[in-house]
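Breakdown of the fold
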Amino acid sequence: MTTAAPAAPKSAVRNRPADIVFKAISTTAGVLILLALGGVAIFLVAQAVPAIIGPIPESEGSSFWTWVWPLTFGTLWSAFLAMVMAVPLAVSIALFITHFAPRRLAQFLGYLVDLLAAIPSVIYGLWGITVLAPFLLPGFAWLAQNLGWIPLFSPPASGTGRTILTASIVLAVMVLPIITALCREIFLQTPRLNEEAALALGATRWEMITMAVLPHGRSGIIASSILGLGRALGETMAVAMVLASSGAVSFVLIGSQNPSTIAANIALRFPEAHGITVNMLIGSGLVLFAITLLVNAISRLIIAKTTVDGGR
């Protein structure tokens, strides 16, 4: 009768060369991320201070904050509209791919969604200008004529179609593959036993999804939505190409007086900027940086609360 070899002590397992190398690489990567984030923050603050505390050209406004407010509003408004359109559609597509579509169709749709994520933003901008904006013109005219009493559709309608609604639709199409791909992988991780148990109790497929799939993937849906929101907040070229902005603060979706966004304004003005204007643009980038950090912090709190509540 042979005896089993004694197990290696825990200290020896922890001191294996591969573990030491992996720990060093992961620790270094984490520190580098923090250093890079801190370096970006320091650069933005240092360059933005002259515009924040000092005078700016009278043509730009009375202060930095009055100048940057319309850009901040346009950034948040366009991203909000894009997420309202993209998130329900992305979740629905992910559910169809994972629980309704035949295997071959699901594979094709999954490949198609992944392909959409690889299209450059310039292409989306060209599509928005040449195809989407002219296509939406009759719809804008109808909305202004029949639903003009609603503040969002106040007449007159834009004659070019390059409105905040058009830009938001383009943003929604751009963030759609990101949210869909992540939700698809999250839904596939739902324990099979939970789904089979719901079906065995007499639930329909939709009831099984609402009882087993969606609760299990709630935190993942939130995380993927925040990732898509980050893309929508920081998108530059597509918005700069599609949106005909006037710098106004307006909730009207189909008018010609549209707010711009921080990222698009930086892209359009930075090549010709000089002096204090450069500091103003970098200062607006600091505002966008702060918004992004705030959104991610709020999302982490929501995910943590959702995870705790789901585990009770």
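Cut-offs used in this document
Residues numbered from 1 in each chain as written. Predicted model: local features only at pLDDT ≥ 70, side-chain atom pairs only at ≥ 80, totals over all residues. Heavy atoms only, no water. Salt bridge = Lys/Arg side-chain N within 4 Å of Asp/Glu carboxyl O. Buried < 20%, exposed > 50% of the residue type's maximum accessible area, 1.4 Å probe, protein only. Helix = DSSP H or I, 4+ residues; strand = E, 2+ residues; numbered from the N terminus. Phe/Tyr/Trp six-rings, centres within 6.5 Å; stacked < 30°, edge-to-face > 60°.

Take the pattern of salt bridges next. On inspection of all chains with the given rule, the structure shows five salt bridges. A salt bridge links Arg-184 to Glu-185, with the nearest nitrogen and oxygen atoms 3.5 Å apart. On the accessibility criterion, Arg-184 (11% relative accessible area) is buried. The residue Glu-195 makes a salt bridge to Arg-192 at a minimum N-O spacing of 3.1 Å. In this pair, Glu-195 and Arg-192 both sit in helix 7 (residues 192-200), three residues apart, roughly one turn of the helix. One network of salt bridges, with partners in common, ties together Asp-114, Arg-184 and Glu-185.

This model, assessed by the stated rule, comprises seven aromatic pairs. Taking 5.0 Å as the distance between ring centres and 75° as the angle between the ring planes, the aromatic pair formed by Phe-64 and Trp-65 counts as edge-to-face. For Phe-64, a relative accessible area of 2% gives the class buried. Centroid distance Phe-73 to Trp-77: 6.4 Å. Interplanar angle 20°. Geometry classified as stacked. Of this pair, Phe-73 and Trp-77 both sit in helix 3 (residues 64-100), separated by four residues, roughly a single helical turn. Accessibility expressed as a relative area gives 12% for Trp-77, which makes it buried. Here a set of aromatic residues connected by ring pairs shows up, and it is made of Trp-69, Phe-73, Trp-77, Phe-80 and Phe-251.

Read these as layout, nothing more, since geometry by itself doesn't imply function.
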